[in-house]
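Each chain, written out:
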Amino acid sequence: MIKNTISPEAARRFYDRLGAGHDRAEMYESRAKQVGLERLALSPGLRLLNVGVGTGKEHRLLVDGVGPTGLPAGIDLSPVMLRLTRDRTAAPLCQADARRLPFRSGAFDRLFSAYVLDLIPLDDLPGLLAEMRRVLRPGGRLVLVSLTEGVNLPSRAIVGLWKLLYAASPVACGGCRPVQLAGLVRQAGFQQVSREVVVQLAVPSEVITAEHPA
Ligand SMILES: C[S@@+](CC[C@H](N)C(=O)[O-])C[C@H]1O[C@@H](n2cnc3c(N)ncnc32)[C@H](O)[C@@H]1O
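None of these values were measured; they are calculated from a predicted model.

Conventions used here
Residues numbered from 1 in each chain as written. Predicted model: local features only at pLDDT ≥ 70, side-chain atom pairs only at ≥ 80, totals over all residues. Helix = DSSP H or I, 4+ residues; strand = E, 2+ residues; numbered from the N terminus. Contact = placed C-beta atoms within 7 Å. Core = buried A, V, L, I, M, F, W, Y, C linked by C-beta atoms within 7 Å. Buried ≥ 20, exposed ≤ 12 C-beta atoms within 10 Å, placed from the backbone. Near = placed C-beta within 6 Å. Nonpolar A, V, L, I, M, F, W, Y, C, P; charged D, E, K, R; others polar. Pairing = 2+ DSSP bridges. Axes fitted to C-alpha atoms, helices over the stretch in contact; angles between N-to-C directions. Right-handed = clockwise from strand over helix to strand, strands pointing away.

Describe the environment of Leu-122, listing the residues and the values that go with them.
Along the chain, the position of Leu-122 falls in the loop between strand E4 (108-114) and helix H5 (125-135). In the structure, Leu-122 is positioned 118 residues away from Asn-4 in sequence and 6.5 Å away in space, judged by C-alpha atoms. If near-sequence neighbours (up to four positions away) are discounted, Leu-122 is found in contact with Met-1 and Lys-3.

Which residues make up the nonpolar core, and what values do they have?
Residues Leu-48, Leu-111, Leu-142 and Val-185 are the most contacted members of the largest nonpolar core, which totals 56 residues. For this core, the element with the most residues is strand E5 (residues 136-147), which contributes six residues. In contact with Leu-48, other than residues within four places in its own chain, are Leu-42, Leu-62, Val-66, Gly-70, Leu-71, Pro-72, Ala-73, Phe-108, Asp-109, Arg-110 and Phe-112.

Before we move on, can you summarise the site of the ligand with the specific residues and values?
In the region of the ligand, 20 residues are neighbours, and Tyr-15, Gly-52, Gly-54, Ser-78 and Ala-114 sit closest. Elements with a minimum of two residues in the shell around the ligand: helix H1 (8-18) and strand E2 (71-76). Looking at the shell around the ligand residue by residue, the classes come out as twelve nonpolar, five polar and three charged.

Give me the sheet that holds strand E1 (residues 47-51): which residues, what numbers.
Spatially, the seven strands line up as an open sheet ordered E3-E2-E1-E4-E5-E7-E6, and their pairing is mixed. Every other strand in the sheet has two partners, leaving strand E3 (93-95) and strand E6 (191-200) as the edge strands with one partner each. In this sheet, neighbouring strand axes are inclined to one another by 15° on average, regardless of whether the strands run parallel or antiparallel. Alignment of E6 against strand E7 (residues 203-211), held across eight bridges, turns out to be antiparallel. What sits directly across from Val-198, in E7, is Ser-205. Set on the sheet, H5 makes contact with E1, E4 and E5; between it and E5 the angle comes to about 140°.

Describe the environment of Met-27, with residues and values.
Note on placement: Met-27 falls in helix H2 (residues 26-40). Considering only alpha carbons, one finds Met-27 and Gln-200, 173 residues apart in sequence, at a separation of 7.6 Å.

Break down the environment of Leu-48 for me, citing the residues and quoting the values.
Locating Leu-48 in the fold gives a position in strand E1. On the basis of neighbour count, Leu-48 is assigned to the buried category, with 25 C-beta atoms found within 10 Å. Taking the C-alpha atoms as reference points, Leu-48 and Phe-112, 64 residues apart in sequence, are found 7.6 Å from one another.

Residue-level account of the pairing of E1, with values.
In terms of burial, E1 is a largely internal element, five of the five residues being buried. Note on the crossover from E1 through helix H3 (residues 57-66) to E2: the handedness is right-handed. Here three bridges tie E1 to E4, and the two strands are oriented parallel to one another. Bridge pairing in E4 places Leu-48 opposite Arg-110.

Let's hear about H5: which residues, and what values?
All buried positions along H5 are accounted for by Leu-128, Leu-129, Met-132, Arg-133 and Val-135. Next to the buried residues of H5 lie E1, E4, E5 and helix H7 (182-187).

With reference to specific residues and values, describe unusual backbone geometry.
With a phi angle near 50°, Ala-41 is a residue other than glycine that sits in the positive phi range. Tracing the sequence through the fold places Ala-41 in the loop between H2 and E1. On the neighbour-count criterion, Ala-41 (12 C-beta atoms within 10 Å) is exposed. One non-glycine residue with positive phi stands out, namely Ala-202, at about 70°. Topologically, Ala-202 is positioned in the loop between E6 and E7.

Here is the structure:
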């Protein structure tokens, strides 16, 4: 796995500039996120945290999934992304770094994060996953969607090109590089870790589903 990515400041600047333009990534991300949303198995009244809400497309669905009695909280580093999500939902949102979640331990039943851990440096991932485990209640569920390694000829070719571009300019890729997180999620103490790969327009994404030990 590529070890280093862009700094949090560079990520905030990139996503502030990109703003609503990020919705174009739906053409290769939407199917994996749909699988991730299904794996959350939402029901009314659940307390959910979405780490890195982006423009708020999924957050609308998460708000509907937990209903008026649930808690659909979200965080993002980028003030512009938070404003776009506020335009789409009335959910409780705050500006925060995924590495330091400003919530009490055991505050959530579900934690969802799409295309965020793939822009976190490798050395920061164990601490970030420990934070995610801390804010989930025992028995709670984690779902992570990320860019991953290719699984067939077209997706391996795309990932090869992506890595070449990444080597030249990580910022041009929004800091995102392919990751494989199942091992790190297990090492963070999660159980029943499963991994599915979804390929859309030859871009491979992994959906990791895991349970906080009860
Ligand atoms: C590739 S976008 C994904 C957005 C959304 N989850 C989606 O799937 O459309 C990455 C998002 O994570 C946010 N982000 C990047 N690094 C972050 C960090 N360390 N903590 C919180 N949010 C972060 C960015 O501002 C951006 O909104």
